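Working through the structure, step by step
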Amino acid sequence: IQLGSNDAIYKIWNISAFISDYKDLIKSFRERNPLAQVFICIPPPIYGQYAATKINTTVVNLMLPSIISDIGKETGSHIIDFYTPLGGNGTRLTRPDYFVRDGVHPNDKGYLEIANVVAVEVLRCIS
């Protein structure tokens, strides 16, 4: 499950609703399949001016990493971090070369990094 970037649009961001809805979604997966392992993802950072006009970069780049980590710990979900490998480091972003011009969507290089991160985490959990 990867939520957050679209939820961080200025007009709709609501931290309480986000946390509650995220936990409810995880709960619904577990109710349907109690043996399922749930993986939740810290979304990639947001780069660029275009993104900043629509999406609250403070939420995505500074708040979501800890919010989603806390949700993972509270729900016993596996946490996959896309934020750090794609250059997220608080206010210092280091991998703009992993994104297309809009600063939101990864390019081929960024998607390859995401795939590698997922593979490592899933293999770690099933070994």
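In what follows, the accompanying structure is described. Keep in mind the model is a prediction, meaning the values are calculated, not measured.

Our next topic: the nonpolar core. In terms of nonpolar packing, the biggest core is built from 17 residues, with Phe18, Tyr22, Ile40, Ile68 and Ile71 touching the most fellow members. When residues of this core are traced back to their parent elements, those giving at least two are helix H1 (15-32), strand E1 (39-42) and helix H3 (57-75). No other element matches the six residues that H3 contributes to this core. Beyond its immediate chain neighbours, meaning those up to four positions away, isoleucine 68 contacts Leu3, Phe18, Tyr22, Ile40, Cys41, Ile42 and Pro43. Among the nonpolar cores identified, the runner-up in size contains eleven residues, and Cys41, Tyr47, Leu86 and Cys125 belong to it.

Attention now moves to the packing of aromatic side chains. Here the distance between the centres and the angle between the planes together describe a pair of aromatic rings. Counted under the stated rule, the structure contains three aromatic pairs. Ring centres 4.8 Å apart and planes at 45 degrees place the aromatic pair tyrosine 47 and phenylalanine 99 in the tilted group. Placement of the pair is tyrosine 47 in the loop between E1 and helix H2 (49-54) and phenylalanine 99 in the loop between strand E2 (78-81) and helix H4 (108-126), with a sequence separation of 52 residues. Considered together, tyrosine 47 and phenylalanine 99 belong to a single accessibility category, that of buried residues. The structure contains a cluster of three or more aromatic residues connected by ring pairs, namely Trp13, Phe18 and Tyr22.

This next bit is on the side chain of asparagine 61. When you line up the elements, asparagine 61 lands in helix H3. Apart from residues lying up to four places away in sequence, asparagine 61 is in contact with Pro45, Ile46, Tyr83, Gly90 and Leu93.

Our focus in this paragraph is the packing of H1 against H3. It is at 11 Å that the axes of H1 and H3 come closest, and there the two elements cross at 35 degrees. Two packed elements cross with a definite hand, and for H1 against H3 that hand is right-handed. Counted together, Ile15, Phe18, Ile19, Tyr22, Lys23, Ile26 and Arg30 of H1 and Met63, Leu64, Ile67, Ile68, Ile71, Glu74 and Thr75 of H3 form the full contact between these two elements. Here the contact of H1 with H3 is composed, by residue class, of ten nonpolar, one polar and three charged.

Cut-offs applied
Residues numbered from 1 in each chain as written. Predicted model: local features only at pLDDT ≥ 70, side-chain atom pairs only at ≥ 80, totals over all residues. Heavy atoms only, no water. Core = buried A, V, L, I, M, F, W, Y, C linked by side-chain atoms within 4.5 Å. Buried < 20%, exposed > 50% of the residue type's maximum accessible area, 1.4 Å probe, protein only. Helix = DSSP H or I, 4+ residues; strand = E, 2+ residues; numbered from the N terminus. Contact = heavy atoms within 4.5 Å. Phe/Tyr/Trp six-rings, centres within 6.5 Å; stacked < 30°, edge-to-face > 60°. Axes fitted to C-alpha atoms, helices over the stretch in contact; angles between N-to-C directions. Left-handed = near helix turned anticlockwise from the far one by under 90°. Nonpolar A, V, L, I, M, F, W, Y, C, P; charged D, E, K, R; others polar.

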